[in-house]
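Here's the letter readout for the chains.
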Amino acid sequence: MEIGTIFTAVPTLVTWVLIYIVAQRLAELVYANRNTKRLLSEGGKEFGADHYHWFIFLHSAWLAIIFLLVDPLQELNPIMLALFVGTQILRVWTLASIGRWWTTRIISAPHFDRVKRGPYKFISHPNYLVVVLEIAIVPLLMGLPWVALLFTILNAILLRHRISVENVVLGNRGGDKL
């Protein structure tokens with residue numbers, strides 16, 4: 001198989017899954033940027049900006065490598081596909097629960113509430129769980145296990161730092177009203 005065959009092949013289920021992922025990510029960025037601007041205008045401050053560009057790079061590289069290396073005729077494992085769909089359900093539940101507070105950056109202020117509904121009742125960072133699962137599941141679904149392993153490790157390194165920053169920031173927030 002040649003590199004980038006997905007760009008010249010007739011669209012397959014692999015193609016549509018990847019198009020969905022790109023469209024979903026772009027829609028999330030639009031939503032996140034709108035929330036970021038509003039939260040900053042309400043007195044929020046950005047924390048951890050020094051590592052944000054590494055997440056953009058990591059996620060862009062993850063997608064690019066999958067697009068370049070995937071075989072568009074790859075049979076999709078039904079179990080992996082079901083797990084991927086499950087992560088998307090968790091993603092929607094997470095975003096619906098956090099609503100106006102969700103951004104791809106860490107924006108906070110002491111007077112901001114802390115979300116404690118939906119999946120946030122059970123775990124502190126459900127969106128990071130979704131991303132961790134996706135970074136592993138999507139390449140496995142596409143027959144690229146080394147991509148799953150490499151990017152899971154790189155993402156874990158970045159998330160370890162980000163979650164420590166975010167936990168400090170969230171600890172300084174106001175009540176648990178939401």
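Residues numbered from 1 in each chain as written. Predicted model: local features only at pLDDT ≥ 70, side-chain atom pairs only at ≥ 80, totals over all residues. Heavy atoms only, no water.

Undergrad: Which parts of the structure should I look at to understand the overall build of the protein?
TA: Scanning the protein from terminus to terminus reveals five helices and two strands. Against the compact-globule benchmark of 16 Å for 178 residues, the protein has a radius of gyration of 17 Å, which places it among compact chains. Across its three principal directions, the C-alpha atoms of the protein cover 55 × 30 × 25 Å. With 178 residues in all, the protein has 46% of them scored as buried. Of the contacts made within the protein by residues no fewer than 6 positions apart, 87% connect residues no fewer than 24 positions apart. Surface accessibility of the protein: about 9600 Å² in total, with carbon and sulfur atoms responsible for 70%. Averaging the coordinates of the 16 positive side-chain charges in the protein and doing the same for the 11 negative ones gives two points 11 Å apart. (Helix = DSSP H or I, 4+ residues; strand = E, 2+ residues; numbered from the N terminus. Rg over C-alpha atoms; globule rule 2.2 N^0.38 Å. Buried < 20%, exposed > 50% of the residue type's maximum accessible area, 1.4 Å probe, protein only. Contact = heavy atoms within 4.5 Å. Areas by Shrake-Rupley, 256 points an atom, 1.4 Å probe, with all protein chains shown as cover. Lys, Arg positive; Asp, Glu negative; His and termini not counted. Charge placed at Lys NZ, Arg CZ, Asp CG, Glu CD.)

Undergrad: Would you mind showing me how to read the side chain of His59 here?
TA: Here His59 is to be found in helix H2 (residues 49-69). When its relative accessible area of 17% is taken as the criterion, His59 is described as buried. Those residues in contact with His59, other than ones at most four positions away along the chain, are Arg25, Val131, Ile135 and Asn155.

Undergrad: Would you take a moment to explain the packing of helix H1 (residues 13-41) against helix H3 (residues 78-98) for this structure?
TA: Two quantities define a packed helix pair, namely the angle between the helix axes and the distance between the axes. At their nearest, the axes of H1 and H3 sit 13 Å apart, and the two run at 15 degrees to each other. As far as their axial angle goes, H3 and H1 are roughly parallel. The two elements H1 and H3 cross, and the hand of that crossing is left-handed. Each of Leu13, Val17, Tyr20, Ile21, Gln24, Arg25, Glu28 and Tyr31 in H1 lies in contact with H3, whose residues at this interface are Leu81, Phe84, Gln88, Arg91 and Leu95. Of the residues contributing to the contact of H1 with H3, the split by class is eight nonpolar, two polar and three charged. (Axes fitted to C-alpha atoms, helices over the stretch in contact; angles between N-to-C directions. Parallel < 35°, antiparallel > 145°, perpendicular 65-115°, else oblique. Left-handed = near helix turned anticlockwise from the far one by under 90°. Nonpolar A, V, L, I, M, F, W, Y, C, P; charged D, E, K, R; others polar.)

Undergrad: Whenever I open this one, the layout of surface pockets confuses me. Can you help?
TA: It is the rolling of a water-molecule-sized probe over the atoms that shows where space remains empty. One number sums up the size of the largest pocket: a volume of about 860 Å³. Every residue lining the largest pocket is counted, 39 residues in all, and those nearest its centre are Trp102, Thr103, Thr104, Asn127 and Tyr128. Only H1, H2, H3, strand E2 (106-108), helix H4 (126-141) and helix H5 (145-171) provide two or more residues apiece to the lining of the largest pocket. (1 Å grid on protein atoms, 1.4 Å probe; cavity = no way out; pocket = protein on both sides within 12 Å on 5 of 7 lines; lining within 4 Å. Points joined across faces, edges and corners; volume = space filled by probe spheres on them.)

Undergrad: Whenever I open this one, the packing of H2 against H5 confuses me. Can you help?
TA: H5 packs onto H2 with a crossing angle of 170 degrees between their chain directions and a minimal axis gap of 11 Å. In terms of orientation, H2 and H5 fall into the roughly antiparallel class. Side by side, H2 and H5 meet where Asp50, His51, Tyr52, Trp54, Phe55, Leu58, His59, Ala61, Trp62, Ile65, Ile66 and Leu69 of the first sit next to Trp146, Val147, Phe151, Leu154, Asn155, Leu158, Leu159, His161 and Arg162 of the second. Tallied by class, the residues present in the contact of H2 with H5 amount to 15 nonpolar, four polar and two charged.

Undergrad: What am I meant to see in H2 here?
TA: The periodicity of an α-helix, 3.6 residues per turn, causes residues three or four places apart in sequence to face the same way. Here H2 is 21 residues long and its end C-alpha atoms lie 31 Å apart, about the 30 Å a rise of 1.5 Å per residue gives. Within the span of H2, buried status applies to His51, Tyr52, Phe55, Leu58, His59, Ala61, Trp62, Leu63, Ile66 and Phe67. Tucked into the core, H2 has its buried residues touching H1, E2, H4 and H5. (Expected span 1.5 Å × (residues − 1).)

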